[in-house]
Amino acid sequence: MNTYSVNTQILRVNPEIPEPEIISRASRVLLEGGLVAFPTETVYGLGANALDESAVNRIFAAKQRPFYDPLIVHIAEKRDITLAATDIPELAYMLAEKFWPGPLTLVLKRHGRVAPSVSAGLGTVAVRMPNHPIPLDLIRAAGVPVAAPSANLFTRPSPTSAQHVLDDLGGRVDIILDGGLCLIGLESTVLDLTSDTPTILRPGGTPAEALRETLPELVIAGSHVASENRESKPSPGMMLKHYSPKAKFLLFSGGGENAIAQVQQIAIQLIGQGKKIGLLVTNEEFDQFSGMEAEIEVLGSGTNLAVIGQTLFSRMRALDKKGVEFILMRSLPREGLGLAIGDRLFKAAEQRIIDLDLPINFSDLLSSE
């Protein structure tokens, strides 16, 4: 796959009242087939005209993303769902009325005008309306739906700042609209409305509990739906490895009252083997790890999952910049946003969780590099 190569321009934009001249300039780039990165309430997206197959293909080239991993189409008005989808069920309109604009993506039947590569050649399409003035103004100015996955290299942690986008895609995107940090920091929830039962394919910024108030029959697809095969996926975020730092990510569960002591011991063993390690910890855990010869990034209070979601990817990237070889973290409760956070951690660890209640073979940790 050829890499899309351009001279990247970074334009600072007021995230509350975007400057019309900057938005107009970026919209022209989209209509000319270029790529524009922009903030949303979830993460930064890498946008192209969803009706232009050549432009959409540039997204895959820039991200080095396989064509069987689909993109999400972004719209600026609820009524514009008809620009991307067809045979739209009444349920979709009801959910849009309640949750849009916001971090909920609906999988529907794809309209023929949408570039097939957006949907990995499938007959479905993922659609959402972001809750952020910059993409809303940009989409309105362009007058077309915008296909936009996260603005990072494929499998890397998602970007929550313009600097993250530049780190990954500098020279591969025409314009980066810098609107500051993203509020949620986790991608949208993807809800499939094309199956018999509404099914969450990817947990995200809209908690399952909120959806169940409207959809009591809601199903959450298990992690077994993820795979590395080259068959087209109905939703982004369904690969075995995703959201991954460069360092080997070790995710720990269980252990009870001895959990922190066990993680400390594993960290000490890794350090003894000459490994540079990083730790992702909550505020409450920090004092217990602070004396170690390790790089430590604090996520926030374990009682505030919204803050942890907001900081997770940026802290992963910070440890990568510090050159650590291993990142260690304890798992978090999976209620509310914890379900989405757990999904990201599970895939960052390449679907492997180390159970502290079971015997651990330290050599296996080293050999998994």
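Residues numbered from 1 in each chain as written. Predicted model: local features only at pLDDT ≥ 70, side-chain atom pairs only at ≥ 80, totals over all residues. Heavy atoms only, no water.

**Q** Would you mind going over the side chain of Glu187 with me for this structure?
**A** As for its position among the elements, Glu187 is in the loop between β9 (175-178) and β10 (189-192). Here the side chain of Glu187 touches Arg344 through a polar contact of 2.7 Å, side chain to side chain. (Helix = DSSP H or I, 4+ residues; strand = E, 2+ residues; numbered from the N terminus. Polar contact = N/O pair within 3.5 Å; in protein donor to acceptor, adjacent residues only side chain to side chain.)

**Q** What's the story with helix α4 (residues 90-99) in this structure? I'm lost.
**A** All buried positions along α4 are accounted for by Ala92, Leu95, Ala96 and Phe99. Taken end-on, α4 shows its buried residues confined to a sector of 105°, consistent with a single buried face. Facing away from the buried side of α4 by more than 90 degrees, the exposed set consists of Glu90 and Glu97. Taken together, the buried residues of α4 touch α3 (81-84), β6 (104-110), β10 and α7 (208-212). (Buried < 20%, exposed > 50% of the residue type's maximum accessible area, 1.4 Å probe, protein only. Arc of directions from axis to C-beta. Contact = heavy atoms within 4.5 Å.)

**Q** What exactly am I supposed to notice about the sheet that holds strand β15 (residues 295-298) here?
**A** Strand pairing within a sheet occurs via backbone hydrogen bonds; the two strands may be parallel or antiparallel. Pairing within the open sheet is parallel, and its five strands lie in the order β15-β14-β16-β13-β17. With partners counted over all chains shown, the strands left at the sheet margins are β15 and β17 (353-355), one partner each. Strand-to-strand, the axes of this sheet are offset by a mean angle of 25°, without reference to chain direction. As defined by bridge partners, strand β14 (residues 277-281) adjoins strand β16 (residues 326-330) across four bridges and the pair is classed as parallel. By the bridge assignment for β16, Ile277 is matched with Phe326. Docked against the sheet, helix α8 (residues 259-272) engages β13 (248-253), β14 and β16, running at close to 175° with respect to β16. Against the sheet, helix α10 (residues 305-321) touches β13, β14, β15 and β16, its axis set at about 165° to β14. (Pairing = 2+ DSSP bridges. Axes fitted to C-alpha atoms, helices over the stretch in contact; angles between N-to-C directions.)

**Q** Sorry, what's going on with the side chain of Arg344 here?
**A** Topologically, Arg344 is positioned in helix α11 (residues 338-348). For Arg344, a relative accessible area of 0% translates into the label buried. Reaching out from Arg344, the side chain makes a polar contact with the side chain of Asp343 at a distance of 2.7 Å. Setting aside residues no more than four positions away along its own chain, Arg344 makes contact with Leu186, Glu187, Ser188, Arg202, Pro203, Gly204, His242, Tyr243, Leu312 and Phe313.

**Q** I keep staring at the packing of helix α1 (residues 20-31) against helix α5 (residues 133-142) and nothing clicks. Help me out?
**A** Each pair of packed helices gets described by two things: the angle between the helix axes and the distance between those axes. As a packed pair, α1 and α5 sit with axes 8 Å apart at the nearest point and diverge in direction by 60°. Taken together, the axes of α1 and α5 are oblique relative to one another. For the element pair α1 and α5, the recorded crossing hand is right-handed. Residues Ile23, Ala26, Ser27, Leu30 and Leu31 of α1 form the contact with α5, whose own contacting residues are Ile134, Asp137, Leu138, Ala141 and Ala142. (Parallel < 35°, antiparallel > 145°, perpendicular 65-115°, else oblique. Left-handed = near helix turned anticlockwise from the far one by under 90°.)

**Q** What is the right way to read empty space enclosed by the protein from this model?
**A** The rolling of a water-molecule-sized probe over the atoms marks out the regions of remaining empty space. The tally for this structure, following the rule as stated, stands at four cavities of 30 Å³ or more. The calculated volume of the largest cavity comes to roughly 250 Å³. What lines the largest cavity is a set of 28 residues, and nearest its centre among them are Val43, Pro149, Ser150, Glu187 and Arg202. The residue makeup of the lining of the largest cavity, split by class, is 11 nonpolar, 11 polar and six charged. (1 Å grid on protein atoms, 1.4 Å probe; cavity = no way out; pocket = protein on both sides within 12 Å on 5 of 7 lines; lining within 4 Å. Points joined across faces, edges and corners; volume = space filled by probe spheres on them. Nonpolar A, V, L, I, M, F, W, Y, C, P; charged D, E, K, R; others polar.)

**Q** Sorry if this is basic, but what is going on with the pairing of β14 here?
**A** Most of β14 is tucked away: five of the five residues are buried. Of the two faces of β14, the one lined by Ile277, Leu279 and Val281 and the one lined by Gly278 and Leu280 are each fully buried. Pairing of β14 with β15 involves four bridges; the strand directions are parallel. Among the inter-strand pairings, Gly278 is bridged to a residue of β15, identified as Glu295. Each parallel crossover has a hand, and for β14 linked through helix α9 (residues 283-289) to β15 it is right-handed. (Right-handed = clockwise from strand over helix to strand, strands pointing away.)

**Q** I keep staring at the packing of aromatic side chains and nothing clicks. Help me out?
**A** Each aromatic ring pair is described using two quantities: the centre-to-centre distance and the angle formed by the ring planes. Counting across every chain of the model gives two aromatic pairs. Relative to Phe313, the ring of Tyr243 lies with its centre 5.8 Å away and its plane at 25°, an arrangement referred to as stacked. In this pair, Tyr243 sits in the loop between β12 (219-220) and β13 while Phe313 sits in helix α10, placing the two residues 70 residues apart along the sequence. A relative accessible area of 1% means that Phe313 is categorised as buried. (Phe/Tyr/Trp six-rings, centres within 6.5 Å; stacked < 30°, edge-to-face > 60°.)

**Q** Honestly, the environment of Arg317 in this entry has me stumped. Any pointers?
**A** With respect to the helices and strands, Arg317 occurs in helix α10. Remark: the alpha-carbon pair of Arg317 and Ser158, spanning 159 residues in sequence, is separated by 9.2 Å. Every residue in contact with Arg317, bar those within four places of it in the chain, is listed here: Asn152, Arg156, Pro157, Ser158, Pro159, His164 and Asp168.

**Q** Could you clarify how one ought to interpret unusual backbone geometry in this entry?
**A** Backbone geometry follows two general trends: most residues other than glycine have a negative phi, and most peptide bonds adopt the trans configuration. Residue Trp100 is joined to Pro101 through a cis peptide bond whose omega torsion reads -5°. Looking at the secondary structure, you find Pro101 in the loop between α4 and β6. For Gln64, which is not glycine, the phi torsion reads 60° and is therefore positive. Not every positive phi belongs to a glycine, and Ala120 is a case in point at roughly 55°. Within the secondary structure, Ala120 is located in the loop between β6 and β7 (124-128). For Ala120, a relative accessible area of 11% corresponds to the buried category.

**Q** Where do I start with α1 in this structure?
**A** An α-helical turn contains 3.6 residues, so a residue and the one three or four places further along point in the same direction. Taking 1.5 Å per residue as the helical rise, α1 with its 12 residues ought to reach 16 Å, and the 16 Å between its terminal C-alpha atoms agrees with that figure. Residues Ile22, Ile23, Ala26, Ser27, Val29 and Leu30 constitute the buried set of α1. Projected onto a plane normal to the axis of α1, the buried residues spread over an arc of 155° and lie on a single side. Looking at α1, the residues exposed on the side facing more than 90 degrees away from the buried face are Pro20 and Glu21. Buried-residue contacts for α1 involve β1 (9-12), β2 (36-38), β3 (45-49), α5, β8 (146-147) and β9. (Expected span 1.5 Å × (residues − 1).)

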